Amino acid sequence: MPEPRQEPHEPERAVAGTGMGGTMDLGTSEAATLEQPPGPDGRNPQERPRSLWTDAWHDLRRNPVFIISALVILFLVVISLWPSLIASGSPLKCDLAKAQEGSQPGHPFGFNGQGCDVYTRTVYGARTSVAVGILATLGVALLGSVLGGLAGFFGGAGDAVLSRITDVFFAIPVVLGGLVLLSVITSNTVWPVIGFIVLLGWPQISRIARGSVITAKQNDYVQAARALGASNSRLLLRHIAPNAIAPVIVVATIALGTYISLEATLSFLGVGLKPPSVSWGIDISAAAPYVRNAPHALLWPSGALAVTVLAFIMLGDAVRDALDPKLR
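Owing to the predicted nature of the structure, the values given are computational and were not obtained by experimental measurement.

Visitor: In this structure, what is going on with the overall build of the chain? I would like to understand it.
Guide: Summing up its helical and strand segments, the chain has eleven helices and two strands in all. A buried classification covers 38% of the 328 residues belonging to the chain. Looking at the chain alone, contacts between residues at least 24 apart form 65% of all its contacts between residues at least 6 apart. Summed over all atoms, the accessible surface of the chain reaches about 18700 Å², with 65% contributed by carbon and sulfur.

Visitor: Honestly, a nonpolar patch on the surface in this entry has me stumped. Any pointers?
Guide: Taken together, the side chains of Val-174, Val-175, Leu-176, Leu-179, Val-180, Leu-181, Leu-199, Phe-268 and Leu-269 make up a nonpolar region of the molecular surface, amounting to roughly 710 Å² of accessible area. Listed by contribution, the elements that provide at least two residues to the nonpolar patch are helix 6 (174-182) and helix 9 (232-269). A per-element tally of the nonpolar patch places helix 6 first, with six residues. Along the chain, Leu-179 turns up in helix 6. On the accessibility criterion, Leu-179 (33% relative accessible area) is partly exposed.

Visitor: Looking at this model, I keep getting lost on the packing of helix 7 (residues 191-216) against helix 9. Mind explaining?
Guide: How two helices pack is summed up by the angle between their axes together with the distance between the axes. Following both chains from N to C, one finds helix 7 and helix 9 inclined at 155°, their axes separated by 9 Å at the closest point. Taken together, the axes of helix 7 and helix 9 are roughly antiparallel relative to one another. Note on packing geometry: the crossing formed by helix 7 with helix 9 is right-handed. Side by side, helix 7 and helix 9 meet where Val-193, Phe-196, Ile-197, Gly-201, Gln-204, Ile-205, Ile-208, Ala-209, Ser-212, Val-213 and Ala-216 of the first sit next to Ile-240, Asn-243, Ala-244, Pro-247, Val-248, Val-251, Ala-252, Tyr-259, Leu-262, Glu-263 and Leu-266 of the second.

Rules used in this analysis
- Residues numbered from 1 in each chain as written.
- Predicted model: local features only at pLDDT ≥ 70, side-chain atom pairs only at ≥ 80, totals over all residues.
- Heavy atoms only, no water.
- Helix = DSSP H or I, 4+ residues; strand = E, 2+ residues; numbered from the N terminus.
- Buried < 20%, exposed > 50% of the residue type's maximum accessible area, 1.4 Å probe, protein only.
- Contact = heavy atoms within 4.5 Å.
- Areas by Shrake-Rupley, 256 points an atom, 1.4 Å probe, with all protein chains shown as cover.
- Patch = residues over 30% accessible without salt bridge, like charges linked within 9 Å, V, L, I, M, F, W, Y side chains within 5 Å.
- Salt bridge = Lys/Arg side-chain N within 4 Å of Asp/Glu carboxyl O.
- Axes fitted to C-alpha atoms, helices over the stretch in contact; angles between N-to-C directions.
- Parallel < 35°, antiparallel > 145°, perpendicular 65-115°, else oblique.
- Left-handed = near helix turned anticlockwise from the far one by under 90°.

Laid out in structure tokens, this is it:
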């Protein structure tokens, strides 16, 4: 009796049921794909998992709050670098004959109490506010992250001393500290204001960074790297910092708008920037006595300041929602 004919073995082929009693000849990879249903997020289980930053960017691109705030901030940065793109005059050119006059052709925002074009000064005032906000935030984030990260990683006496120092700085009223410290400085540049903000702003970032590093260094992958002989610098830079930096970025982004508001407040009180510097705080202070006769001189710089601060706060909220795993 002849033996039954055997089909040749093809390791790269597989047979899958069609669900109607038949079979379907598939490649091994195709069969494996059929056997593994998509995950709850709609992605194929075989796809490489995305990182926290990739997921955050994926969410931010679909968040209208982030898109609107980012466009406003981009516009502010552009006019800060090149204000002559939308303002042709000089912010220091004034004509007392036109003091407190309203909107005119070529001067849509009217004139302030000194006869200066409000539109031109409002556009050029963005340069000071954006520069102070960005530079102060970078200084605060860098100083606070380094001090807080080192204290949280090594602990001990250094951590205890840093905690007490931050308590002292938290007890200092910001506006009162600015009145005391900046009143004795005669420089008319933005650097004293930036230095003051960094001096009183780093404790907040330091505490955030310290707590984030303490949480990250307790994870299993950090303990495994330490057991394999990784140095402290490698643990900090390669394993802890990338996973602890997200809270610092969120707090710094929100604080940037606060620093812009603080600069305007100090300039309004006369201890921040001083004339002939161009600042929204200076213009608001100069327009306050004439608010009944020329409300437009106060309205436009105040509105620009409010929109700028709101844009950075909205951007920080959107970044926080995207980087917080609990909100997914």
